[in-house]
Protein chains: 4
Amino acid sequence: MAAMAKALPVVAEREHPLPSIGFLGLGIMGTAMARNLVKAGYDVTVWNRTTSKCDALVSEGAKRGASPMQTAGACDITFAMLADPAGAIEVACGEDGAVKGLGPGKGYVDVSTVDGDTSKAIYKAVQAKGAEFLEAPVSGSKKPAEDGTLIFLTAGDKSLYDKVVPFLDVMGKSRFYLGEVGNGAAMKLVVNMIMGSMMASFSEGLVLGKKVGLDPATIVEVVGQGAIAAPMFAMKGPSMVKGSYPPAFPLKHQQKDLRLALAMAEDVAQPTPVAASVNDIYKRAKAEGLGDQDFSAIIEAYLLDPKGLNH
Amino acid sequence: MAAMAKALPVVAEREHPLPSIGFLGLGIMGTAMARNLVKAGYDVTVWNRTTSKCDALVSEGAKRGASPMQTAGACDITFAMLADPAGAIEVACGEDGAVKGLGPGKGYVDVSTVDGDTSKAIYKAVQAKGAEFLEAPVSGSKKPAEDGTLIFLTAGDKSLYDKVVPFLDVMGKSRFYLGEVGNGAAMKLVVNMIMGSMMASFSEGLVLGKKVGLDPATIVEVVGQGAIAAPMFAMKGPSMVKGSYPPAFPLKHQQKDLRLALAMAEDVAQPTPVAASVNDIYKRAKAEGLGDQDFSAIIEAYLLDPKGLNH
Amino acid sequence: MAAMAKALPVVAEREHPLPSIGFLGLGIMGTAMARNLVKAGYDVTVWNRTTSKCDALVSEGAKRGASPMQTAGACDITFAMLADPAGAIEVACGEDGAVKGLGPGKGYVDVSTVDGDTSKAIYKAVQAKGAEFLEAPVSGSKKPAEDGTLIFLTAGDKSLYDKVVPFLDVMGKSRFYLGEVGNGAAMKLVVNMIMGSMMASFSEGLVLGKKVGLDPATIVEVVGQGAIAAPMFAMKGPSMVKGSYPPAFPLKHQQKDLRLALAMAEDVAQPTPVAASVNDIYKRAKAEGLGDQDFSAIIEAYLLDPKGLNH
Amino acid sequence: MAAMAKALPVVAEREHPLPSIGFLGLGIMGTAMARNLVKAGYDVTVWNRTTSKCDALVSEGAKRGASPMQTAGACDITFAMLADPAGAIEVACGEDGAVKGLGPGKGYVDVSTVDGDTSKAIYKAVQAKGAEFLEAPVSGSKKPAEDGTLIFLTAGDKSLYDKVVPFLDVMGKSRFYLGEVGNGAAMKLVVNMIMGSMMASFSEGLVLGKKVGLDPATIVEVVGQGAIAAPMFAMKGPSMVKGSYPPAFPLKHQQKDLRLALAMAEDVAQPTPVAASVNDIYKRAKAEGLGDQDFSAIIEAYLLDPKGLNH
């Protein structure tokens, strides 16, 4: 396992023709990532189940793919960004799945956050076609995706990793190659497990502080100056205080990642009492109908006064 | 409640004579804080139960106080930094306590981390003598204390706050005046509750990652680049990976703060399931004999392999 | 420590005159217990802060006490049943407290559920007057109190224990003498901690079952036939299914006992993660306004549908 | 859903010939259950992967099956008792699986504890062969299996339920027909979730009591006399106090059931904070190597003194 500093992406003046890029899945994340590839001047073909989501990117210079299979068949390297394991499997291995379009010399890079088993299943299918595979889940949500400051947690075929470095560097600010397939998924789940717990703890502090008479905005400020200051608190805190949770990373996805992390802990019999407790709060929030809001809406699961923190 | 940006401390060239300062309690924190006052050229009298702990500061220019009472009697403003509520009460209100030396025109600033009830009890005793009181618990441990980059969470007599600003600015990088006595203690407990939870979650992630085959040092690196990067993780992570926990903030104190925060939540019937779960892990760590190590030793309570994370 | 089987109470035909009994505190429990003593033919003097609560018992044959002090002064042995540590301390050691009426040859039996420190403080005050003390918290709520089937968990002066056996046997079905003062309180807290956790787990099962399509009444029936059948489930289950929680043991008291048990666990650094989690749910229930209902109302804290389990 | 009182099994004097019975899976539970059928005079064919486990029953009168397929083919009704979902699927639907031996007029009764999805998958396979299916997980472990006092939680084809009543009544003391397939599995998981939580809470109480100076054996006695008395505490408590955990229901199976119950709760977004916390303790116990001991060994996960409760 080794971390590598970000190399400056150099797109211009190459000896070899630029590889063509496919991009499957244009949700919040996928759209922003594909847009950065298009902006960087790459030859990008996009596909999404709801095809209207391709329109903007096509108007910006992307080609329109007919299906995952057709897209993967037409491109040298295909990226996929799906919402969950089921989506990732379907787009890779389904009826018109990308795998059917793959073959020797081609590469498939799954940047979705999935569990290791899903990743390994896709790897096997890709390998069977003689193509290369890289799992490359990202750390970072909407804003870093737009700004090209994501962090890639990759694992799988090292030679494909080497080939996609320039693309990763357009979409992200750093990248890690972590060895065998499954390690990228595992790293992502570990990071998101910590993140989900931090957000719950932060919420707990804000709500408790409010209840004993402190100003939540001041708590955000105090937290922002000490050893526990984190960009996430600075970014989400002020809107949480206002009871606003515009979805950058939907709560239901955070809960899914906690669930997958807990399943991973189950497999190795590792106690994770805090994550177990945290997951239950996210479950409560989901049951209260907050699943589609930003995961910072977890604070609502602590508020017994329905008027929220700012009353 | 209002936060104020740090004013640059200007010690030189004053019209009025400098107030004399007392400092009671020379543990890890108190020693570093008092030293910064001495270095800044103030007239500082120090006292500690174990008197030998005064020697170094005396050799650096401080005066030696005979007791809390004598110190408070001899100085204009007296700071106190004790380990827990019992210590804070004893030094302020005990037999030879500081309160006995106070009177009109004098000020008492308790920078210990205690619960609101303790703070209010001391306030009452100080008021009864016609003196002013400020509770001013700090956010930050050994290193910020040494570097003069603590954060002061103050509450109580505003006029005393205004008088001590120059001293707070020598010892800290920012300060908040939070209104009535008890709010400083409450803010400190809220912040330390979040901190304790974050450290437990971080530990949980490191141990789980290790168990599924990731390199803990790489996890620390990945965490350090994203939305959850926090100075605490960067500072403690590398030594935690090595199984080293030199005490900056002892685990037993973190557990005490969690206990006090949970008691505060009890009083207002606020659910805090994550902190409750986190406190239990710290309790386990204490029971395993880790109380005197740094609170980052909480990771040991997750390690079932006695050889630690780095094996 | 030794458990003793219930001796049949024999009230009639004694050589010595019957000792006179005081009873302080006539809540749900105290009233039922005092009534059983009156019914058994004892000479009972009752006192309650709200004096109207004495009326019924006085009409049934009890004498009316003027204050705790007067009652304890007039009786050989005085029982006290208060709601919480503060009440127990006040009635024993306050202005007109029972202790002032005690002296050599008299006994004071506190049957309240309090923490060990409270019990020890009262013991000390009683001892200082030359009287004897027994802490004797009871296991069992309204119904067992009425039926005379409580369980007494006693500790303190053995000779007083021997003297009160006949009275304990009128009010209860079994009794344990557990040694030094504090052990009765500790045993009570341990038992109530298990009870609170069981009720929360049972509620969790009923609500989860309901949500996946099972009939909660059938769950109660299934539970009642296996290894986990407990009188509490049989007694409370059917009314919980109907959303009815007539207060036998108020939820706020169960939460208080969990809090005291957790504080006891803190003192000895014993991990109790389940009780910590359980306490938090009771706290949530209290915050939702369920404190005065029966503790079985904890199930409401799990119900996200405000219509309850029976819809 | 309806509960039915146990009808006395009447095996003798029937108009129709007795149906022949197959029994697949002779672990602790299966052996005891099959033995009761043999003892009752039924025509029983047994099969187990490790064939030597059949020897005792064959010597007592059972026939030896060659494979699940052959056994199901030779018998009118086949029972299966496997350790986990994977085993249940394999024996029913594998290469030589029972389903291959089924056909119209035959019935397959799975008495294993599995999740609803597994149960439904087997149901579908059995239906496809024109045979009938009943899921019938049992509540009760080794002793009730031996004594014929199990509780059957059945769901599926009602006509098969009616046919197997006499056999269920030989093996159990009561039975519930709960409607559609999946409800039996769900009820079993709910009951076992409550059971696992109760055992953890009981352990927590015993260990805490011990640590504050109470005699654990006395705690068991006190618990046994009040509202929370449960057969499980009476049965397991005394051996737990001695540090002995002879496996009736292995800890790893209890943990599996908690995991399945939590997954069920996830599916319906039902908060289950207590079960989440409890599961984590069982996970810790498993990680400490206690998986094959009785689930009452969970108490060991609370003991920080390796010498156990009885030192």
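Residues numbered from 1 in each chain as written. Chains lettered and ligands numbered in written order. Predicted model: local features only at pLDDT ≥ 70, side-chain atom pairs only at ≥ 80, totals over all residues. Heavy atoms only, no water.

So the rule is basically this: UniProt positions are given in the numbering used here, feature names are shortened, and annotations may be inferred rather than shown by experiment.
The name an unreviewed UniProt entry assigns to chain A is Glyoxylate/succinic semialdehyde reductase 2, chloroplastic, from the organism Sphagnum troendelagicum. Taken directly from UniProt, the Sequence similarities (unreviewed entry) text for chain A runs: "Belongs to the HIBADH-related family. NP60 subfamily."

**Re the relation of the copies chain A and chain B**
As a reminder of what qualifies: A least-squares superposition brings the copies together, and it is based on the C-alpha atoms of residues with pLDDT no lower than 70 in both. Contacts are assigned to residue pairs that have any heavy atoms within 4.5 Å of one another.
Taken as rigid bodies, chain A and chain B are interconverted by a rotation of 180 degrees and an axial shift of 0.0 Å, the fit giving an RMSD of 0.0 Å. Expressed as a symmetry operation, the mapping of one chain copy onto the other fits a two-fold axis. Using C-alpha coordinates, one finds that chain A approaches the rotation axis most closely at A:Ala230, a distance of 2.4 Å. Residue by residue, 100% of the interface of chain A is reproduced at the interface of chain B, so both copies engage with the same surface.

**Considerations on the domain arrangement of chain A**
Residue and element names in this part refer to chain A. The criterion, for reference: Note: domain ranges come from an automatic or database domain assignment. When two components associate, each loses some accessible surface as probed by a 1.4 Å sphere; the sum of these losses over both components is called the buried area. Here, a salt bridge means any side-chain nitrogen of Lys or Arg that lies within 4 Å of a carboxyl oxygen of Asp or Glu. Counting of polar contacts relies on pairs of N or O atoms within 3.5 Å, with two restrictions inside protein: one atom must be capable of donating a hydrogen and the other of accepting it, and residues adjacent in sequence are counted only when both atoms are side-chain atoms.
Looking at chain A, the domain boundaries give domain 1 (2-181) and domain 2 (187-302). If you average the C-alpha positions of domain 1 and of domain 2, the two centres end up 28 Å apart. Across the boundary between the two partners, domain 1 contributes 14 residues, which contact eleven residues of domain 2. When the area that domain 1 buries against domain 2 is broken down by residue, the three leading residues are Thr-113, Ser-141 and Leu-153, summing to 36%. On the surface where domain 1 and domain 2 come into contact, there are zero salt bridges. Counting across the interface, domain 1 meets domain 2 through four residue pairs in polar contact (both at pLDDT 80 or more).

**Examining the interface of chain D and chain A**
Threshold: Put simply, Ala, Val, Leu, Ile, Met, Phe, Trp, Tyr, Cys and Pro go in the nonpolar bin, Asp, Glu, Lys and Arg in the charged bin, and everything else, Gly too, in the polar bin.
Contacts between chain D and chain A engage 16 residues on the former and 16 residues on the latter. Both sides of the chain D and chain A interface together cover about 1,300 Å² of buried area, and 55% of this is carbon and sulfur. Inspection of the chain D/chain A interface yields two salt bridges. Between D:Arg259 and A:Glu266 there is a salt bridge, with the nearest N and O atoms lying 3.8 Å from each other. Considered class by class, the residues forming the side of chain D that touches chain A number six nonpolar, four polar and six charged.

**Considerations on the environment of D:Asp157**
Residue and element names in this part refer to chain D. For the record, the criterion: Numbering of helices and strands runs from the N terminus, with a helix taken as a DSSP run of H or I at least four residues long and a strand as a DSSP run of E at least two residues long. For the exposure calls, accessible area comes from a 1.4 Å probe over protein chains only, and a residue counts as buried if that area is under 20% of its type's maximum, exposed if over 50%, partly exposed in between.
Mapped onto the fold, Asp-157 is located in the loop between strand S9 (150-156) and helix H7 (158-171). We classify Asp-157 as buried; its relative accessible area is 17%. Spatially, the C-alpha atoms of Asp-157 and Thr-113 are 18 Å apart, while their sequence positions differ by 44 residues. In this structure Asp-157 touches Tyr-123, Glu-132, Phe-133, Leu-134 and Tyr-177, once residues within four positions along its chain are discounted. Within the local environment of Asp-157, its side chain forms a polar contact with the side chain of Tyr-123, the two groups lying 3.3 Å apart. At 2.8 Å, the side chain of Asp-157 and the backbone nitrogen of Phe-133 are in polar contact.

**Section: helix H5 (residues 116-128) of chain C**
Residue and element names in this part refer to chain C. Convention followed: Expected helix span is given by 1.5 Å per residue-to-residue step, counting one fewer step than there are residues. In this description, the arc belongs to the directions extending from the helix axis to the C-beta atoms.
The terminal C-alpha atoms of H5 lie 18 Å apart, and with 13 residues this matches the ideal 18 Å at 1.5 Å per residue to within 8%. Buried residues of H5: Gly-116, Thr-118, Ser-119, Ile-122, Tyr-123 and Val-126, and no others. Down the axis of H5, the buried set is contained in an arc of 155 degrees. They therefore lie on one face. In H5, the exposed positions that point more than 90 degrees away from the buried face belong to Asp-117, Lys-124 and Ala-128. On the buried face of H5, the contacting elements are helix H4 (85-93), strand S6 (107-110), strand S7 (132-135) and helix H8 (183-211). Downstream of H5 by a residue or two, Gly-130 has a phi angle that is positive, lying close to 80 degrees.

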